[in-house]
Amino acid sequence: MNSRGADALTYLETELLAPQVIGPDRLRLAPTALVPELRLLLAEDPIVWWARMEADAKTALTPPFWATAWPGGQALARYLLDHPTTVAGKRILDLASGSGLAAIAAALAGATAVTANDIDPYALAAITLNARVNHVAVTTCHGDLLDGDGGDAEVVLAGDAFYQEALAHRMWPFLQRATVRGACVLIGDPGRQYLPQDELRTLASYPAPATGTSTEPQISEITVLQPRRL
């Protein structure tokens, strides 16, 4: 782990070990609506928490997407725990992992090795802590992997990866390349605008939780999807 990653981990560890003071600029360990058996380090209010992070760091920081349990990641995690043979005994890559929820679920479902990837050092620190809290081993990987095909991962997970046009235009070719080389690709998404629906088949659907969708109130259903074979 580089120095920035180590600093991020120390910062979040300090927050986790701090006295349990409730407030909008705090983190808390909490279950998620679709996966209540797991706990994650989540923000009481992600925007207020982001402002506090920047004030503490005295610099601009990437939005803390990892501090929210996004719906696509929740759906992927629920699917893996309910269908453990999907990942049991296999090598897993969780792309743009955020909180690490899907990666942690894969580890609990019996995956041989789980790698959680993100470009944000704070996300990797949160993944490390979330894996520790849930008593599983997850390896973190920093950097942009979208020019590749997922390497030797037998299952590639992509939760909430189609919320922004530029990202979607890189994510979909990556997932296609992973599919072509033989990986099982699973996508969790609530039907966002840039999702290539016509190129996917639905494996499972879940009702959107009443909580946790305040930033996207139009969400009513979350799906786990798989690319049609090319």
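Nothing here was measured: the structure is a model prediction, and the numbers come from that model.

Participant: Describe the packing of helix 3 (residues 71-82) against helix 4 (residues 101-108), with residues and values.
Facilitator: Across the interface, helix 3 lies against helix 4 with an axial gap of 8 Å and an inter-helix angle of 5 degrees. Of the possible angle classes, the one that applies to helix 3 and helix 4 is roughly parallel. On helix 4, the residues that touch Gly-73, Gln-74, Leu-76, Ala-77, Leu-80 and Leu-81 of helix 3 are Leu-101, Ala-102, Ala-105, Ala-106 and Leu-108. A class-by-class count of the residues in the contact of helix 3 with helix 4 yields nine nonpolar, two polar and no charged.

Participant: Please give an account of the environment of Ala-106 that cites residues and values.
Facilitator: Along the chain, the position of Ala-106 falls in helix 4. The sequence separation of Ala-106 and Leu-93 amounts to 13 residues, and the corresponding C-alpha distance is 9.5 Å. Not counting residues up to four positions away in its chain, the partners in contact with Ala-106 are Leu-80, Val-87, Ile-92, Ala-111, Val-114 and Leu-157.

Participant: Explain the sheet that holds strand 5 (residues 139-142) to me, and be specific about the residues and the numbers.
Facilitator: Read across the sheet, seven strands follow the order 5-4-3-6-7-9-8 without closing on themselves; strand pairing throughout is mixed. Bordering the open sheet on either side are strand 5 and strand 8 (200-207), each of which pairs with just one other strand. The average angle at which neighbouring strand axes cross in this sheet is 20 degrees, direction not considered. Across five bridges, the pairing between strand 6 (residues 155-159) and strand 7 (residues 184-189) is parallel. The residue bridging Val-155 from the neighbouring strand is Cys-184, located in strand 7.

Participant: Please provide a residue-by-residue account of the pairing of strand 6, values included.
Facilitator: Counting buried residues in strand 6 gives five out of five residues, a clear majority hidden from the surface. Burial along strand 6 is two-sided: Val-155, Leu-157 and Gly-159 facing one way and Val-156 and Ala-158 facing the other are all buried. The pairing of strand 3 (residues 91-95) with strand 6 spans four bridges and is classified as parallel. If you follow Ile-92 over to strand 6, its bridge partner there is Val-155. One crossover worth recording links strand 6 to the parallel strand 7 by way of helix 6 (residues 165-180), and it is right-handed.

Participant: Give a detailed account of helix 4, specifying residues and quantitative values.
Facilitator: Counting buried positions along helix 4 gives seven out of eight residues, so the element sits mostly inside the fold. If you check which residues of helix 4 are buried, you get Leu-101, Ala-102, Ala-103, Ile-104, Ala-105, Ala-106 and Ala-107. In this structure, the buried residues of helix 4 make contact with strand 2 (39-43), helix 3, strand 3, strand 4 (113-118), helix 5 (121-133) and strand 6. The positive-phi residue at the C-terminal boundary of helix 4 is Gly-110, with phi of around 105 degrees.

Participant: Can you explain the packing of aromatic side chains? Please cite residues and give values.
Facilitator: If you walk through the whole model with that rule in mind, you get five aromatic pairs. Ring plane angle 90 degrees and centroid distance 6.4 Å describe the contact between Trp-49 and Trp-66, whose orientation is recorded as edge-to-face. Of this pair, Trp-49 sits in helix 2 (residues 46-57) while Trp-66 sits in the loop between helix 2 and helix 3, and the two are 17 residues apart along the sequence. A relative accessible area of 0% means that Trp-49 is categorised as buried. For Trp-66, a relative accessible area of 2% gives the class buried. Three or more aromatic residues joined by ring pairs make a cluster, and in this case those are Tyr-11, Trp-49, Trp-66 and Tyr-122.

Participant: Mind laying out the pattern of salt bridges, listing which residues take part and the relevant values?
Facilitator: When their charged atoms lie close together, side chains carrying opposite charge are able to pair. Tallied over the entire structure, the rule returns 14 salt bridges. For the salt bridge of Glu-154 with Arg-91, the shortest nitrogen-to-oxygen distance reads 3.6 Å. Of this pair, Glu-154 sits in the loop between strand 5 and strand 6 while Arg-91 sits in strand 3, and the two are 63 residues apart along the sequence. Here Asp-149 makes a salt bridge to Arg-181, at a shortest N to O gap of 3.7 Å.

Participant: Can you tell me about the side chain of Asn-130, naming the residues and giving the values?
Facilitator: Assignment of secondary structure puts Asn-130 in helix 5. The exposure class assigned to Asn-130 is buried, which follows from its relative accessible area of 0%. From its side chain, Asn-130 meets the backbone nitrogen of Leu-41 in a polar contact 2.8 Å long. Ignoring sequence-local partners within four residues, the contact set of Asn-130 consists of Arg-39, Leu-40, Leu-41, Ser-99 and Ile-104.

Rules behind the numbers
Residues numbered from 1 in each chain as written. Predicted model: local features only at pLDDT ≥ 70, side-chain atom pairs only at ≥ 80, totals over all residues. Heavy atoms only, no water. Axes fitted to C-alpha atoms, helices over the stretch in contact; angles between N-to-C directions. Helix = DSSP H or I, 4+ residues; strand = E, 2+ residues; numbered from the N terminus. Parallel < 35°, antiparallel > 145°, perpendicular 65-115°, else oblique. Contact = heavy atoms within 4.5 Å. Nonpolar A, V, L, I, M, F, W, Y, C, P; charged D, E, K, R; others polar. Pairing = 2+ DSSP bridges. Buried < 20%, exposed > 50% of the residue type's maximum accessible area, 1.4 Å probe, protein only. Right-handed = clockwise from strand over helix to strand, strands pointing away. Phe/Tyr/Trp six-rings, centres within 6.5 Å; stacked < 30°, edge-to-face > 60°. Salt bridge = Lys/Arg side-chain N within 4 Å of Asp/Glu carboxyl O. Polar contact = N/O pair within 3.5 Å; in protein donor to acceptor, adjacent residues only side chain to side chain.

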